[in-house]
Amino acid sequence: MRKLRIRIVGGSLAGLFAGIMLQQAGHDVRIFERSKSGLAGRGAGLVGQRDLLRVLRLIGCEHVARVGVVAGERIYLNRDGSIARRLDMPQTQISWDVLFETVASHIADDTYELGRQVLAVHDGDDHAEIAFQDGGREIADLVIGADGLGSAVRAAINPEHSGNLYAGYVAWRGLIPEGSLPDTAALLLNRFAFYIQPGVHVLGYLVPGAKGETDVGHRRYNWVWYRPVPESELPLTLTDATQQPHAYSLPRGALSEVRLAGLRADAARMLPPQFVAAVEKEPMPSIQAIFDYEAPRMVGRSIALIGDAAFIARPHTAMGVSKAAGDVMALCEVLSQEDELAMALRRYEAERIEVGRDIVAYGRQLGASAL
């Protein structure tokens, strides 16, 4: 195929993977990220699944998969903090921060733009046009929607089905220095721990430090508490201490002191003592609302969707980044093999749409069994 003018909307890992691989193939690529401050420092840990490891090898970043913390086993706790069950399932949590910063360093200079909020994308017969909030416009042979949960690109090809479906619960999240955990919570370290009862699902594990540190005493403990919230109460749940509403999540530092005290009181009433200690040591928990989304179409005439812009994998699956990597590799492969963009896009959708549907279904299944 001729070299294309490609514009990518969304500058997280999905957009970065696509940008690097397409630049390596010789295409004219630019990435537009809506955040003004960038995305570094926003993650904790993630599981290095097969497609993620494959894409890292292809872009020359495979060494970053070795920056991780190993959980030697899985344990399930009783309410009193004793171990109800052990599973021999070693698992490595890679540093999201180190992964993002390393991958971002492979993007060509001056081709990654921050603070470019996309309002809409028009899918033309032989090109697509991007309209930005600042009044700017871009025309491209191909626009790739990598803009995740709040995708503006997906509406161009799925105008009647562009919204997310709330799953009925949220994830409260904490990320604390491992040294802040008291000795009474030492059971949580070096293993993947769960406490699951009807309506209660909490888990936690160690991840590398903010700079990728993996030495004992320099790691961080990541906990996640899934909690049911009726849809009618979701707007209030995602309203911060200044009464500012948020669409999908409440960031760190935005929770009021009253609500923080309420969270800690709920933990003391509902969770094993080790998790109570972990929750109490987090001064700035965040909240992530859980959604499903399935794109009826992944491609238009000059548009392709990847990652969460196409299908949202619930966090239980631990497959979001890996799925995005699989989308990127499939798209880049068909672009390298076909002479016509239209045929390449049809092949891409045919290969990945069932994969996306299966992952969404798997996430729903795990969510139903966990709460």
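Scroll up for the structure.
Residues numbered from 1 in each chain as written. Predicted model: local features only at pLDDT ≥ 70, side-chain atom pairs only at ≥ 80, totals over all residues. Heavy atoms only, no water.

(A) Seen up close, the packing of helix H1 (residues 13-24) against helix H2 (residues 50-58). The N-to-C vectors of H1 and H2 enclose an angle of 40°; their axes lie 10 Å apart at closest approach. One way to sum up the angle between H1 and H2 is to call them oblique. Between H1 and H2 lies a crossing of left-handed hand. Every residue of H2 that contacts H1 at Phe17, Met21 and Gln24 is listed here: Leu52, Val55, Leu56 and Leu58. (Axes fitted to C-alpha atoms, helices over the stretch in contact; angles between N-to-C directions. Helix = DSSP H or I, 4+ residues; strand = E, 2+ residues; numbered from the N terminus. Parallel < 35°, antiparallel > 145°, perpendicular 65-115°, else oblique. Left-handed = near helix turned anticlockwise from the far one by under 90°. Contact = heavy atoms within 4.5 Å.)

(B) Focus on the nonpolar core. With 109 residues, the main nonpolar core has Phe17, Leu56, Val103, Tyr221, Trp225 and Leu271 as its most contacted residues. Take this core: its biggest share by element is nine residues, from helix H7 (residues 320-337). Setting aside residues no more than four positions away along its own chain, Phe17 makes contact with Leu52, Val55, Leu56, Ile59, Val103, Val321, Ala325 and Val328. Grouped together as the second largest cluster of nonpolar side chains are 13 residues, Phe194, Leu203, Val207 and Tyr226 included. (Core = buried A, V, L, I, M, F, W, Y, C linked by side-chain atoms within 4.5 Å. Buried < 20%, exposed > 50% of the residue type's maximum accessible area, 1.4 Å probe, protein only.)

(C) Focus on the sheet that holds strand E3 (residues 45-47). Strand order in the open sheet formed by three strands is E3-E7-E4, with antiparallel pairing between adjacent strands. With one partner strand each, in any of the chains shown, E3 and strand E4 (68-71) form the two edges of the open sheet. The average undirected angle you get between the axes of adjacent strands in this sheet is 35°. Here four bridges tie E4 to strand E7 (residues 91-95), and the two strands are oriented antiparallel to one another. (Pairing = 2+ DSSP bridges.)

(D) Broad picture of the pattern of salt bridges. According to the stated counting rule, one finds 26 salt bridges in the structure shown. Across the pair Asp97 and Arg220 runs a salt bridge whose closest N-O atoms are separated by 3.2 Å. Taken together, the residues Asp97 in helix H3 (residues 96-104) and Arg220 in strand E16 (residues 220-228) connect sequence positions 123 residues apart. Taking relative accessible area as the criterion, Arg220 reaches 12% and is therefore assigned buried. Glu282 is the salt-bridge partner of Arg252, the closest N and O atoms lying 3.1 Å from each other. Placement of the pair is Arg252 in the loop between strand E17 (249-250) and helix H5 (257-270) and Glu282 in the loop between helix H6 (273-280) and strand E18 (286-292), with a sequence separation of 30 residues. Classification of Arg252 by relative accessible area gives partly exposed; the value is 41%. Linked through salt bridges whose partners overlap, the residues forming this network are Arg5, Arg7, Asp28 and Glu138. (Salt bridge = Lys/Arg side-chain N within 4 Å of Asp/Glu carboxyl O.)

(E) Region of interest: the sheet that holds strand E12 (residues 142-145). Read from one edge to the other, the open sheet built from five strands follows the order E8-E2-E1-E12-E19, with strand pairing classed as parallel. Each edge of the sheet is formed by a strand with only one pairing partner; in this case those strands are strand E8 (112-113) and strand E19 (303-305). Alignment of E12 against E19, held across three bridges, turns out to be parallel. Looking across to E19, one finds that Ile144 is bridged to Ala304. The strands that H1 touches are strand E1 (5-9), strand E2 (28-32), E8 and E12; relative to E2, the one it contacts most, it runs at about 165°. On top of the sheet, helix H8 (residues 341-370) reaches E12 and E19; it is set at about 20° to E19, its chief contact.

(F) Layout of H7. Taking 1.5 Å of rise per residue, the 18 residues of H7 would be expected to cover 26 Å, and the 26 Å separating its terminal C-alpha atoms lies within 8% of that figure. In terms of burial, H7 is largely enclosed, as 13 of its 18 residues are buried. (Expected span 1.5 Å × (residues − 1).)

(G) Just the side chain of Arg116, in detail. For Arg116, the position within the fold is in the loop between E8 and strand E9 (118-123). Polar side-chain contacts of Arg116 include one of 3.1 Å to the side chain of Asp134. Contacts of Arg116, omitting those with residues within four sequence positions, involve Phe32, Glu33, Arg34, Phe132, Asp134 and Gly136. (Polar contact = N/O pair within 3.5 Å; in protein donor to acceptor, adjacent residues only side chain to side chain.)

(H) Here's a closer look at unusual backbone geometry. Phi at Asp110 takes a positive value of approximately 60°, unusual for a residue other than glycine. Within the secondary structure, Asp110 is located in the loop between H3 and E8. According to the relative accessible area criterion, Asp110 is exposed, its value standing at 68%. In the Ramachandran plot, Gln243 falls in the positive-phi region, its phi being about 70° despite a non-glycine side chain. One can find Gln243 in the loop between helix H4 (234-237) and E17.

(I) Fine view of the packing of H1 against H7. Close contact between H1 and H7 brings their axes to 9 Å; oriented N to C, the two are set at 25°. The orientation of H1 relative to H7 falls into the category roughly parallel. Crossing angle aside, the handedness with which H1 passes H7 is right-handed. Note on element contacts: H7 touches H1 through Val321, Ala324, Ala325, Val328, Met329, Cys332 and Leu335, opposite Leu13, Ala14, Phe17, Ala18, Met21 and Leu22. Residue composition of the contact of H1 with H7, grouped by class: 13 nonpolar, no polar and no charged. (Nonpolar A, V, L, I, M, F, W, Y, C, P; charged D, E, K, R; others polar.)

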